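Results of the structural survey
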There are 2 protein chains.
Amino acid sequence: MTGWVKIAGLGPGNEDLVTPEVTAALAQATDIVGYIPYVARVAERPGLTLHASDNRVEIDRSQHALEMASDGKRVVVVSSGDPGVFAMASAVYEAVDNGPADWRNLDIQVLPGITAMLAAAARVGAPLGHDFCTINLSDNLKPWEIIENRLRLAAKADFAMAFYNPRAKSRPGKFERTLEILREECEPERLIIFARAVSRADEAIRVSTLGEATPEMADMQTMVIVGSSLTRTIDRDGDPIVYTPRFVAKAEG
Amino acid sequence: MTGWVKIAGLGPGNEDLVTPEVTAALAQATDIVGYIPYVARVAERPGLTLHASDNRVEIDRSQHALEMASDGKRVVVVSSGDPGVFAMASAVYEAVDNGPADWRNLDIQVLPGITAMLAAAARVGAPLGHDFCTINLSDNLKPWEIIENRLRLAAKADFAMAFYNPRAKSRPGKFERTLEILREECEPERLIIFARAVSRADEAIRVSTLGEATPEMADMQTMVIVGSSLTRTIDRDGDPIVYTPRFVAKAEG
């Protein structure tokens, strides 16, 4: 049997957002590898072994998947959202890059999924309908100075911004600092969206402004989207629509 | 009958990348609205009316969809990729914002899809595995100066970059100018990926560098991804893997 690794995106949580390509890969797999809550989304069946592991062991998990594929297993590495956005695809390729030479010619594929920022954007309207940037706010993975520099340049470029991993107990004060930097660079009316557990039963979405936002509005389950200077709301019964127009008037350039 | 509008993402082309949520919406619809090649992806059936329109009539198309929903129709507005990324979601909300007040309380939903940059990234590895930005290179929608400023700031921030609509006959020389700006800001070894017709039968992907890239490597069907300074290749039999590591060493900060 020829083994393979498919690094699959399960989307933000709702099963209606899992692509048929991913569903087919799960059905063909002999082994599923991933973080505990994502592996828990895969139904058990005869012939399928589930290997759930804790957070922060992405390289161990990747090596395990590659070893099993070398032994002829059909391995799906599961990520939430899209595996290429702050998830398992880079980790698996880091393991390939630093692993035995024969891993390079394994059959490895990335199966895209609905990433959290696009699911969150869809729920409120179209805040990412113009140019935007995507930043992982965790400084576990890079120096804080890089994050601060990127935030300031992104504001100067007038990008809308999508933030993954905005806040964690292990990084006290950092999201507060993010809001401070944004307040230095942008006007207080700038829109900011806190989208928690998008597409899941406990989904909670809040539309605020930089002037009124507080750090407690985000946790590790929250996707944060900051609008550009042109992002606007449409008031209606219930929650407002938030969208960024496609056009920038030529006179404003 | 209560009408609604669902703005649905059909993904990059392969039917295996259409979410079940979108498939269900298409099955419930009375009317499909969209650009000719996207409407052509929806199967005809009794009770379903297809309204295909030409490019660049996004607001007319949106108004038509909203009018039909007001009349009780179940309307799906189809986009390729994700409707929230340089597609129909912003156009529909622009029409709502500038339309009659009762359109604001219509049942309008955005159904996310697999956007081209994530499908393209998946095909080559994980080039968007660290912080990145997403820019529409068309200056039909904004002054060219804004694009040039964003390119320079994005390079200074060391974002990977994903470009939609890189090149068109109506914008001669502009993609050439984009490459020039990037060469001024980045080293010649910087990786650049040209991904045409991703997930379709005529898919063609090319991995190059800023030093070697030429404007002819892109057309309107091409997604262009430029790596960050840390994006690297893994050589193997066949095309190389391209990925951006998750980590930036603290000493480099």
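The structure reproduced in this document is the subject of the present report. Computed from a predicted model, the values in this text were never measured in an experiment.

**Quick word on the relation of the copies chain A and chain B**
- The operation relating chain A to chain B is a screw motion whose rotation component is 180 degrees, with 0.0 Å of axial translation and a residual RMSD of 0.0 Å. When the rotation and shift are considered jointly, the pair of chain copies conforms to a two-fold rotation axis. Taking C-alpha positions as reference, the residue of chain A nearest the rotation axis is C133(A), located at 1.9 Å.
- Looking at the interface residues of chain A, 100% of them are also at the interface in chain B, so both copies use one shared face.

**With respect to the pattern of salt bridges**
- Tallied over the full model, the rule gives 40 salt bridges over all chains.
- The salt bridge involving E94(A) is made with R246(B); its shortest N-O contact spans 3.0 Å. With E94(A) in helix α4 (residues 88-97) and R246(B) in the segment after β13 (241-243), this pair bridges two chains. Considered together, E94(A) and R246(B) belong to a single accessibility category, that of buried residues.
- Note that R177(A) is salt-bridged to E148(A), the shortest N-O span being 3.3 Å. Placement of R177(A) in helix α7 (residues 174-185) and of E148(A) in helix α6 (residues 144-156) is noted, with a sequence separation of 29 residues between them.
- On the basis of relative accessibility, which here comes to 25%, the residue R177(A) falls in the partly exposed class.

**Things to note about the interface of chain A and chain B**
- Contacts between chain A and chain B engage 73 residues on the former and 73 residues on the latter.
- Summing the contributions of chain A and of chain B, the shared interface buries around 6,300 Å²; its carbon and sulfur component is 59%.
- Counting across the interface, chain A meets chain B through 10 salt bridges.
- Ionic pairing is found between R150(A) and D131(B), a salt bridge with its closest N-O pair at 2.8 Å.
- Along the contact surface separating chain A from chain B lie 32 residue pairs in polar contact (both at pLDDT 80 or more).
- Examining the composition of the side of chain A that touches chain B, we find that 7 residues originate from one element, α4(A), more than from any other.
- The pairing of strand β7 (residues 132-136) of chain A with strand β7 (residues 132-136) of chain B spans 3 bridges and is classified as antiparallel. If you follow C133(A) over to β7(B), its bridge partner there is C133(B).

**Structural notes on the packing of aromatic side chains**
- In total, this model carries 8 aromatic pairs over all chains according to the counting rule given.
- Geometrically, the ring pair formed by Y93(A) and Y243(B) is tilted, given 6.5 Å between the ring centres and 35 degrees between the ring planes. Of the two residues, Y93(A) is situated in helix α4 and Y243(B) in strand β13; the pairing between them involves two chains.
- The exposure class of Y243(B) is buried, given its relative accessible area of 2%.
- Looking at R150(A), its charged tip hangs above the ring of F159(B), at a distance of 5.9 Å from the centre.

**Considering the sheet that holds strand β4 (residues 74-79) of chain B**
Residues and elements named next belong to chain B.
- As summarised here, the arrangement of the 5 strands in space is β3-β2-β4-β1-β5, forming an open sheet in which the pairing is parallel. Each edge of the open sheet carries a strand with a single partner, namely β3 (49-53) and β5 (107-111). Here the average twist between neighbouring strands, direction ignored, is 15 degrees.
- Two strands pair when backbone bridges link them, and strand β1 (residues 4-9) and β5 are joined in this way by 5 bridges, in the parallel orientation. Bridging across to β5, W4 finds its partner in D107.

Rules and cut-offs
- Residues numbered from 1 in each chain as written.
- Chains lettered and ligands numbered in written order.
- Predicted model: local features only at pLDDT ≥ 70, side-chain atom pairs only at ≥ 80, totals over all residues.
- Heavy atoms only, no water.
- Least-squares fit on C-alpha atoms with pLDDT ≥ 70 in both.
- Contact = heavy atoms within 4.5 Å.
- Salt bridge = Lys/Arg side-chain N within 4 Å of Asp/Glu carboxyl O.
- Helix = DSSP H or I, 4+ residues; strand = E, 2+ residues; numbered from the N terminus.
- Buried < 20%, exposed > 50% of the residue type's maximum accessible area, 1.4 Å probe, protein only.
- Buried area = accessible area lost by both parts, 1.4 Å probe.
- Polar contact = N/O pair within 3.5 Å; in protein donor to acceptor, adjacent residues only side chain to side chain.
- Pairing = 2+ DSSP bridges.
- Phe/Tyr/Trp six-rings, centres within 6.5 Å; stacked < 30°, edge-to-face > 60°.
- Lys NZ or Arg CZ within 6 Å of the ring centre and 35° of its normal.
- Axes fitted to C-alpha atoms, helices over the stretch in contact; angles between N-to-C directions.

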